[in-house]
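# Descriptive analysis of the structure
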Amino acid sequence: MVRSLPVALRALVYMTGFLFFFGWLALRVRSLDRFLQITLPAGLEIFGIALMVGGGVLGLACVGTFIVRGKGTPAPFDAPREFVAVGPYRYVRNPMYVGGLFLLAGLGFYERSISILLMALLLLLVVHLLVVFYEEPTLRKSFGASYEKYCESTRRWLPRFSSQHE
């Protein structure tokens, strides 16, 4: 556990930076709501809070899994050293992105901001392209057959709750 402490501290710094950056960006984008002139109905705040809590818990579970099992962080420049197919990764290949998008969409619902929700959709497209054209080919090169088998049994975005990865 002592060996994991420096990795955990780095992960904490990176995750804090990601959260502050995307939170700041989302609140800046919210100013576009007045130009779009679309008002989301009242009463979405509770749903938004639930999405943010769920996304946050999922994100923290992913970071913890990366630290303990992968011996790395979520940052691409400090990625896990070992292949991770446990924890949330048993059910979906990209749970950290799912958690982050839940956080962002939850903020959009909480703020009743169509602009933040549109930003989340745009980010989903960007992340999907990043995953398909960069991350997956890189992981195939790094982890070979074990990653290929994982891809065959685990969906990219939608969870499968009967995974073969124990």
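Computed from a predicted structure; not experimentally measured.

## Details of unusual backbone geometry
Although it is not a glycine, Q37 adopts a positive phi angle of roughly 55°. When its relative accessible area of 70% is taken as the criterion, Q37 is described as exposed. Notably, R112 is not glycine yet its phi reads approximately 55°, a positive angle. Within the element layout of this structure, R112 appears in the loop between α4 (95–111) and α5 (114–153).

## Quick look at the state of the cysteines
Following the criterion strictly, the structure yields zero disulfides and no others. The structure places no disulfide on C62, whose sulfur is separated from the nearest cysteine sulfur, that of C151, by 16 Å. Under the relative-accessibility criterion, C62 is labelled buried at 0%. With a relative accessible area of 13%, C151 lands in the buried category.

## Regarding the confidence of the model for the protein
Per-residue pLDDT for the protein has a mean of 89; in total, 95% of the residues score no lower than 70. Least confident of the elements in the protein is helix α1 (residues 4–29), whose mean pLDDT is 87; most confident is α4, at 96.

## Quick look at the pattern of salt bridges
Summed over all chains, the structure comprises four salt bridges. Residues E111 and R30 are paired through a salt bridge, measuring 2.4 Å at the closest nitrogen-oxygen approach. Residue E111 is found in helix α4, and its partner R30 is found in the loop between α1 and α2 (33–36); the two are separated by 81 residues along the sequence. For R30, a relative accessible area of 31% gives the class partly exposed. The salt bridge involving E148 is made with R140; its shortest N-O contact spans 2.8 Å. For E148, a relative accessible area of 32% puts it in the partly exposed group.

Conventions we followed
Residues numbered from 1 in each chain as written. Predicted model: local features only at pLDDT ≥ 70, side-chain atom pairs only at ≥ 80, totals over all residues. Heavy atoms only, no water. Buried < 20%, exposed > 50% of the residue type's maximum accessible area, 1.4 Å probe, protein only. Helix = DSSP H or I, 4+ residues; strand = E, 2+ residues; numbered from the N terminus. Disulfide = S-S within 2.5 Å. pLDDT = per-residue confidence, 0-100. Salt bridge = Lys/Arg side-chain N within 4 Å of Asp/Glu carboxyl O.

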